[in-house]
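Residue-level structural notes
Okay, here's what each chain looks like letter by letter:
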Amino acid sequence: MRVTKSAEVRKNEILDTAEVLFNKKGYGETTVEDILKEIGIAKGTLYYHFKNKEDILLAMIERQIKQREQAIREIADNEAFSAVEKLVRSIQLLSNSGMMADVVYEKGNAELHQKSFTRSLERFAPILTEIVEYGIERGKFNTLFPRESVELLFCASELIDPRMFTWQKKERKRKETAFFWMLEITLGITSEAKKELYALAEISEEVFKNNE
């Protein structure tokens, strides 16, 4: 007996199946036929929802961005968190990109990576800016350029992404520490808030004394 599924359910089934195959075989090695065979649907059903394989990947990226946007919004709206904790929790959430992001970084997917990065910046920057402005209102941050600071720090975070650069463990840790130091300087984080920042990021302030 043929099972009829709603358009939304079928679309997500295609995305879920494609995500598994992309991460198992690689985006370049996975064909539309592989996806059809795995789900057991006709080609016309897939093309009713998506134009081609790239369209499927873009929809997967958009879905993940939406999920992360919702998660960051929950952090930003949580009144139990301080401004610093909201910011650090958001950074940690974004740094844990998940399996889908690995596909975007595959060789030959530079254009897809650029689209993903630009879309992420457009969606996440407004919420992160709200967090910074919240910190300014409470005297924890001091910057004249909250939105621009967020955008620049977001771009700088690419430097410590292990899929972009194959740093050694010690090098990566040093760059992560430098990122939070940049964050402190760029956002004008106060002395009291600075202690909270490094505690949450699990970075000892002794690191900076050793480099003076």
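The next subject is the overall build of the protein chain. Each helix and strand counted, the protein chain has 11 helices and zero strands in total. Counting every position in the protein chain, which comprises 212 residues, the buried fraction comes to 40%. Carbon and sulfur atoms form 52% of the exposed surface of the protein chain, whose accessible area is close to 12,700 Å².

A word on the packing of aromatic side chains. The description of two aromatic rings rests on the distance between their centres and on the angle between their planes. The full count for this structure, using the stated rule, is four aromatic pairs. Judged by centre distance (5.3 Å) and plane angle (45°), the ring pair of F117 and F154 falls under tilted. Of this pair, F117 sits in helix α7 (residues 110-137) while F154 sits in helix α8 (residues 146-156), and the two are 37 residues apart along the sequence. Across the pair, F154 and F117 agree in class, each one buried.

All right, on to the pattern of salt bridges then. Oppositely charged side chains may form a pair once their charged atoms are brought near each other. Per the stated rule, a full pass over the model turns up 18 salt bridges. The closest approach of N and O atoms between R119 and E62, which form a salt bridge, is 3.2 Å. Here R119, found in helix α7, pairs with E62, found in helix α4 (residues 53-77); they are 57 residues apart in sequence, far enough to count as distant. Each of E62, E69, R119, E122 and R123 takes part in salt bridges that share partners, so that together they form one network.

So, about the nonpolar core. Among the nonpolar cores identified, the biggest contains 52 residues, and F22, I35, I56, F180 and L183 are the most heavily contacted of them. Those elements that provide at least two residues to this core are α1 (7-25), α2 (32-39), α4, α5 (83-95), α7, α8, α9 (169-187) and α10 (191-200).

Right, let's get into the packing of α5 against α7. The axes of two packed helices give the description: the angle between them and the distance between them. Contact geometry for α5 and α7: axes closest at 8 Å, N-to-C directions at 155°. Here α5 is positioned roughly antiparallel relative to α7, judged by the angle of their axes. Along this stretch, α5 crosses α7, giving a crossing that reads as left-handed. Between α5 and α7, the contacting residues are A83, K86, L87, S90 and L94 on the first element and F124, L128, I131, Y134 and G135 on the second.

Turning our eyes to something else, we now look at α2. Residues of α2 that are buried include every one of V32, I35, L36 and I39, and no others. One face of α2 carries all of its buried residues, which in axial projection span an arc of 100°. Away from its buried face by more than 90 degrees, α2 exposes K37 and E38. Of the surrounding elements, those touching the buried residues of α2 are α1, α3 (43-49) and α4.

So, on to the environment of G28. The residue G28 is located in the loop between α1 and α2 in this model. Take G28: its relative accessible area is 53%, and that puts it in the exposed class. Distance in space between the C-alpha atoms of G28 and K53 is 9.7 Å, their sequence separation being 25 residues.

By the secondary structure assignment, E85 is in helix α5. With near-sequence residues (within four places) excluded, E85 lies in contact with E196 and L200.

About the cut-offs
Residues numbered from 1 in each chain as written. Predicted model: local features only at pLDDT ≥ 70, side-chain atom pairs only at ≥ 80, totals over all residues. Heavy atoms only, no water. Helix = DSSP H or I, 4+ residues; strand = E, 2+ residues; numbered from the N terminus. Buried < 20%, exposed > 50% of the residue type's maximum accessible area, 1.4 Å probe, protein only. Areas by Shrake-Rupley, 256 points an atom, 1.4 Å probe, with all protein chains shown as cover. Phe/Tyr/Trp six-rings, centres within 6.5 Å; stacked < 30°, edge-to-face > 60°. Salt bridge = Lys/Arg side-chain N within 4 Å of Asp/Glu carboxyl O. Core = buried A, V, L, I, M, F, W, Y, C linked by side-chain atoms within 4.5 Å. Axes fitted to C-alpha atoms, helices over the stretch in contact; angles between N-to-C directions. Parallel < 35°, antiparallel > 145°, perpendicular 65-115°, else oblique. Left-handed = near helix turned anticlockwise from the far one by under 90°. Contact = heavy atoms within 4.5 Å. Arc of directions from axis to C-beta.

Structural measurements only, silent on function.
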